[in-house]
Amino acid sequence: MLPIRRPFRATLSLALAASALTAVPAQAAPEVAPAAAPAPEDATEIVVTGTYAQSIAAATQAKRTADFGLDSIASTDIGKFPTQNVAEALQLVTGVAITRPRGEGLYVSVRGLGPQFQSTLLNGRTIAINELIENGGANGRQFRFEVLPAEFVSRIDVVKTTTADMTEGALGGNIDVQTFRPFDTGTKTTLNVRGTYTGQTKKVRPNVTALTSRTFADDRFGILIGAQYWAKEVRNDRLYNFGWTRNRLAAASLGPNVYTPTRTRPTVELEERERISGILSAQWRPTPELETTIDALATRLDVQFDEYGLDIYPDDTSVAGRIPVIRPGTTEVRGDTLVRATVDNVRFMASREESLNRHDLWSVGLRQTWTPDGWRIGASANYSDAHSYHPSFRDATVRSRIAFFAPLTYDASRGYKELPTITTPVDPTNPASYVGFPFDVAYKNSKDRDVIGRADVAREFGADRLLAKLAAGGEYHWRERDYSRRDFVLNGVVNVPVPALGSGFTGPLPIDDFMKNKDGNHPRDWVAPQTQAFYDRLFTPAVAAQPLTAADRGASFVVSEKIWAGYVRADYALSAGAVPVSGNVGVRYVRTDQVASGSLVVGTTATPARFPQTFDNWLPSFNLRADLTETLVGRIAASRVLTRPNVTDSAPRIVVARDSPAASGGNPDLRPFVATQLDTSLEWYFSRRGALTGAIFWKKLDDFITQQNVDIDIPGRGPVVLSTRTNGGNAKLYGAEVAYNQVFTFLPQPFDGLGIQTSYTHTSVRADYTAGARVIRNELIGLSKHSFNVVGFYEKGPVSARLSYVWRDRYLTGTGSTTLAPTYAAAFGSLDGNLSFRLTPQIMLSVEGINLAGAHAYTYQEDRLRFGEINYYGRTILFGARAEF
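Residues numbered from 1 in each chain as written. Predicted model: local features only at pLDDT ≥ 70, side-chain atom pairs only at ≥ 80, totals over all residues. Heavy atoms only, no water.

**Here's the deal with the overall build of the chain**
The cut-off we apply is this: The secondary structure listing takes helices from DSSP runs of H or I that are at least 4 residues long and strands from runs of E that are at least 2 residues long, numbered from the N terminus. Relative accessibility thresholds used throughout: buried, under 20% of the residue-type maximum; exposed, over 50%; partly exposed, between the two (1.4 Å probe, protein chains only). Two residues qualify as a contact provided that any one of their heavy atoms is within 4.5 Å of a heavy atom in the partner residue. Here the open area of atoms and residues is found with the Shrake-Rupley method and a 1.4 Å probe, where only the protein chains shown may cover a residue.
Along its length, the chain carries seven helices and 45 strands. Put simply, the chain has 885 residues, and 61% of those count as buried. Considering only contacts within the chain whose residues lie at least 6 apart along the sequence, 74% involve residues at least 24 apart. Carbon and sulfur atoms make up 58% of the accessible area of the chain, which amounts to about 31,900 Å² in all.

**Some remarks on the environment of Asp157**
Here is the rule: Between N or O atoms, a polar contact is any pair within 3.5 Å; within protein, one atom must be a potential hydrogen donor and the other a potential acceptor, and residues adjacent in sequence are included only when both atoms are from side chains.
Tracing the chain through its elements places Asp157 in strand S6 (residues 153-159). Given a relative accessible area of 0%, Asp157 falls into the buried group. Each C-alpha atom, one on Asp157 and one on Leu70, is 6.7 Å from the other, the two residues being 87 residues apart in sequence. At 2.4 Å, the side chain of Asp157 and the side chain of Ser72 are in polar contact. In this structure the side chain of Asp157 is engaged in a polar contact, spanning 2.8 Å, whose partner is the side chain of Arg155.

**Observations regarding the pattern of salt bridges**
Convention followed: A pair is scored as a salt bridge if a Lys or Arg side-chain nitrogen falls within 4 Å of a carboxyl oxygen belonging to Asp or Glu.
Considering all chains together, one arrives at 73 salt bridges under this definition. Residue Asp513 pairs with Lys516 through a salt bridge whose shortest N-O separation is 4.0 Å. Taking relative accessible area as the criterion, Lys516 reaches 40% and is therefore assigned partly exposed. Across the pair Arg635 and Glu683 runs a salt bridge whose closest N-O atoms are separated by 2.8 Å. Of the two residues, Arg635 is situated in strand S29 (residues 632-643) and Glu683 in strand S32 (residues 673-687); the sequence distance between them amounts to 48 residues. Take Arg635 and Glu683: they sit in the same class, and that class is buried.

**Description of the packing of aromatic side chains**
Aromatic ring pairs are reported here in terms of the distance separating the ring centres and the angle at which the planes meet. Rules: Here a Phe, Tyr or Trp ring, Trp counted by its six-membered ring, pairs with any other such ring whose centre lies within 6.5 Å, and the pair is stacked when the planes are under 30 degrees apart, edge-to-face when over 60, and tilted otherwise.
Using the criterion set out here, one finds 29 aromatic pairs in the structure. Centre to centre, the rings of Tyr824 and Tyr860 are 5.8 Å apart; their planes meet at 20 degrees, and the pair counts as stacked. One end of the pair, Tyr824, is in strand S40 (residues 823-825); the other, Tyr860, is in strand S43 (residues 857-861), and 36 residues separate them in sequence. For the pair shown, Tyr824 and Tyr860 are each scored as buried. In this structure an aromatic cluster arises from ring pairing among Phe393, Tyr443, Phe488, Tyr535 and Phe539.

**Section: helix H1 (residues 52-65)**
The test is simple: One less than the number of residues in a helix, times 1.5 Å, gives the span that helix is expected to have.
The end-to-end C-alpha distance of H1, which contains 14 residues, comes to 20 Å, matching closely the 20 Å that a straight helix rising 1.5 Å per residue would cover. Of all 14 residues in H1, 14 are buried, a share of seventy percent or more.

**Details of the nonpolar core**
To keep it simple, the criterion reads: In plain words, nonpolar cores are sets of buried Ala, Val, Leu, Ile, Met, Phe, Trp, Tyr and Cys residues tied together by side-chain atoms within 4.5 Å.
Among the nonpolar cores identified, the biggest contains 79 residues, and Leu171, Tyr434, Phe439, Val441, Phe534 and Leu780 are the most heavily contacted of them. Once you skip the residues sitting within four places of it in the chain, Phe439 turns out to touch Val398, Arg399, Ser400, Phe488, Val489, Leu490, Phe534, Tyr535 and Leu538.

**Here's the deal with the sheet that holds strand S1 (residues 70-74)**
Stated formally: We treat two strands as partners when DSSP finds at least two bridges between them.
Taken in spatial order, the five strands of this open sheet run S1-S6-S7-S4-S5, and their pairing is mixed. Every other strand in the sheet has two partners, leaving S1 and strand S5 (125-126) as the edge strands with one partner each. In the sheet, S6 pairs with strand S7 (residues 174-179) via six bridges, with the strands oriented antiparallel. Note on S7: the bridge partner recorded for Val158 is Ile175.

**Quick notes on the pairing of S6**
With seven of seven residues buried, S6 lies mostly within the body of the structure. Alignment of S1 against S6, held across five bridges, turns out to be antiparallel. Bridge pairing in S6 places Ala74 opposite Arg155.

**Considering the environment of Arg352**
Looking at where Arg352 falls in the secondary structure, it is placed in strand S17 (residues 337-370). In this structure, the C-alpha to C-alpha distance between Arg352 and Pro529, residues 177 residues apart in sequence, is 6.0 Å. A polar contact is formed between the side chain of Arg352 and the side chain of Asp306, at a distance of 2.8 Å.

**Here's the deal with the confidence of the model for the chain**
This is how it is decided: Confidence of the predictor at the level of single residues is captured by pLDDT, which takes values from 0 to 100.
The predicted model of the chain has a mean per-residue pLDDT of 88, with 90% of residues at 70 or higher. Segment residues 1-49: pLDDT under 50, and 189 contacts once partners within four positions in sequence are set aside and those in other chains are kept.

**Topic: unusual backbone geometry**
Following Gln749, the chain continues into Pro750 via a peptide bond in cis, with omega recorded as 5 degrees. By secondary structure assignment, the location of Pro750 is in the loop between strand S34 (718-743) and strand S35 (754-771). Positive phi, normally seen in glycine, also occurs at Asn123, with a value near 55 degrees. Tracing the chain through its elements places Asn123 in the loop between strand S4 (119-122) and S5. In this model, Glu862 sits at a positive phi of 70 degrees, which is unusual for a non-glycine residue. With respect to the helices and strands, Glu862 occurs in the loop between S43 and strand S44 (863-872).

**Some thoughts on the side chain of Thr60**
Relative to the helices and strands, Thr60 is located in helix H1. Given a relative accessible area of 15%, Thr60 falls into the buried group. Apart from residues lying up to four places away in sequence, Thr60 is in contact with Tyr685, Ala691 and Asn741.

**Some points on the pairing of strand S38 (residues 799-808)**
Covered by surrounding structure in S38 are Ser800, Arg802, Ser804, Val806 and Arg808 only, the residues Val799, Ala801, Leu803, Tyr805 and Trp807 on the alternate face being uncovered. Of the strand pairs in this sheet, strand S37 (residues 786-796) and S38 are connected by ten bridges, and their pairing is antiparallel. When the bridges of S38 are listed, Asn789 appears paired with Val806. The turn linking S37 back onto S38 is made up of two residues, and Gly797 within it adopts a positive phi angle of 60 degrees. Here S38 runs beside strand S41 (residues 828-838); their pairing, made up of ten bridges, is antiparallel. In the sheet register, Arg802 faces S41, and the bridge partner there is Asn834.

**Quick notes on helix H4 (residues 531-538)**
Taken together, the buried positions of H4 are Thr531, Ala533, Phe534, Tyr535 and Leu538. Buried residues along H4 sit in contact with S17, strand S19 (397-411), strand S22 (439-460), strand S23 (467-490), strand S25 (528-529) and helix H5 (541-544).

**Here we look at a nonpolar patch on the surface**
In plain terms, the rule: For patch detection, residues must exceed 30% relative accessible area and be free of salt bridges, and they are connected within 9 Å for like charges or within 5 Å for nonpolar side chains (Val, Leu, Ile, Met, Phe, Trp, Tyr).
Together, Phe461, Leu467, Leu470, Val568, Val587 and Trp618 give the surface a local cluster of nonpolar side chains, amounting to about 520 Å² of exposed area. Along the chain, Leu467 turns up in strand S23. The exposure class of Leu467 is partly exposed, given its relative accessible area of 37%.

**Focus on the environment of Ile696**
Within the secondary structure, Ile696 sits in strand S33 (residues 690-714). If near-sequence neighbours (up to four positions away) are discounted, Ile696 is found in contact with Leu678, Asp679, Thr680, Gly735 and Ala736.

The structure is reproduced here in structure tokens:
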């Protein structure tokens, strides 16, 4: 693999951090945090000293005292989060599921709604979002949790029922990531040194985190600083099919409406990841009533991506005189799927794709609170900037390709979990088999800026009063996504035999054990184009200096939002007989002024276009908590919530894929998703270290935005499937979740250190919408009907051990179209573990394993005979030592 071409030039500094594990749960509006319900006497004994059991106890205490629906996960100690990745930690929270491309948690879903429906906050304030730039796609509002070091995080709150003072934007949940602060930590320093070993690469990369915190002047001033260097190498073996299409390949023996495979690619994906991050927090409390807090975080993540593929096109008609034809007498049809055939005139293309994808994120926030007798007055402001880009044209997505045409024989009869048989009489490892193909350079630059300011005032009247507190506030929020793209398609070596190009243009595949855990007659080796040789020959300074094309302008956009919000919230307390009842009721008004700007392209002419829109929304909310007994808590909540459309979906642009008959486009007329939600729960806290909780939830989604796929003809390109979005229907989401955790302290020694944490979530949907002419019923993208996690742990003396299994059911990943079959991710489970040993009170050794069972991730195209993806990224082992001073 190539080394990262833009290595970090930075040194690690010591870092300060603070844990707030036993605090009242943080909110999206921390300036006016409502008073927590008093905890029973046994709960006040919780003291977090660095064990997993005490982390669970702290999160349970946060849930118990909250006056809204909440689940949390807490750090076991300063700089010691339970897992190596924030997203992977969240998958242990009830109702949360994650996606893990190439084996690392990246995006988070809550209660069946995908990543774009969550609002991610940093210390209670919105934060800018880094974009996907690897292959040129764009996701919009999906926060990339890989940019947040888990070692900087003290607790993560997943808020499932809203209050009027919370910043709007989530149909699923508000995910509030709380970083360490000095007043909560005091004077302490930690140093964590680890190595990350990945089984597929058999390489170890370092991970070093330093955190230090100090308080001064009788705890009136505190400062916390910290830094981290983190690196990892990844290899993912992937078989990737781009879809099964109906009536694409003509053959008299097939009959009508038979699905055949489109582009298929055995692929080796290699990554080198480096991240350097820093954190700063300062607090000043000159009097008990006045407190100022400054939080700052900066991170740079470099991902050097290097992909080797052999693309196989059984249905590509774009090359004149090379139309694929099914050979008579070679077919086998099962149902409506062609599982076996020999096809002549198939394009085979050896490809290599490289890019350096840089993600910079920094955020600075200021919070001021003043709490004179009976009052709480607060103000805060935050600026964050997320920049995802390629540092140069050479670091852009550079695709080198060489090709040959030959017969293809395939056999998919073994199903989606096995490699299909793919053979050809032409040797794909011989450079003499190939001729040159178009060379691509795609440069992307995404800037996301987020500014938020708010002011709040609250008056407390007493916990025994019907009107316990009255709060009001206002918020201004500005966000802008500026996305630009340039595409260079260079034809200087098209149809030139590869040997005629000279030396250095091809080389061997850098591995010799592709898909080693899968048998079958399938390509395991092929020629690897050498990017630098093609780049030096084709991408000249004159090419780089070319002006923007109409297509470049059409792929670029700016979407800005100006949001004004105000709220009123009343907290109440009363008695229903002998049962104390408390809660809050309020309403939030939000006005959104959105402007989507871009270019509309007709032929070779790009015309600037600007589409303004205004949305006005009233969002009422209601939360009720009843302390039915000293250990039993019941809750009822109702609210109106919204999620704004993805900025990429609102952009006026159309991008056409070069390698498949597909295109994507935006719709600037989209309105926000809006939903009414109800939630009821019952929580039994049967011991200081045990709880059994359950919830039932319902969401009615109005103006639901769905994918719409239409067949269009693009002059000079031919027929393609255009994927866009529209407000096209309604959906109702139903679900239930149950969670249980307990430390078995009643067992005799040494078994009294055993414990368990487990949860299960069931979600179903009633929906009816279309994708092209295909009707989609009772399914939403990203929705798993069943998911669960179970964690068993043992902590006794210096030994701590944990084993977890997280599983989610299949879910829809693509709706398909009139002719394209929908895509499903198959059910997936991951077995992870952790073992640590405390040498002294200050020094701990640990080893952690991820995907210990070596699970493969699969997708398929509606029918299990239609293979989609097989991904194998292997096991990851982390080992090291942690010292505290």
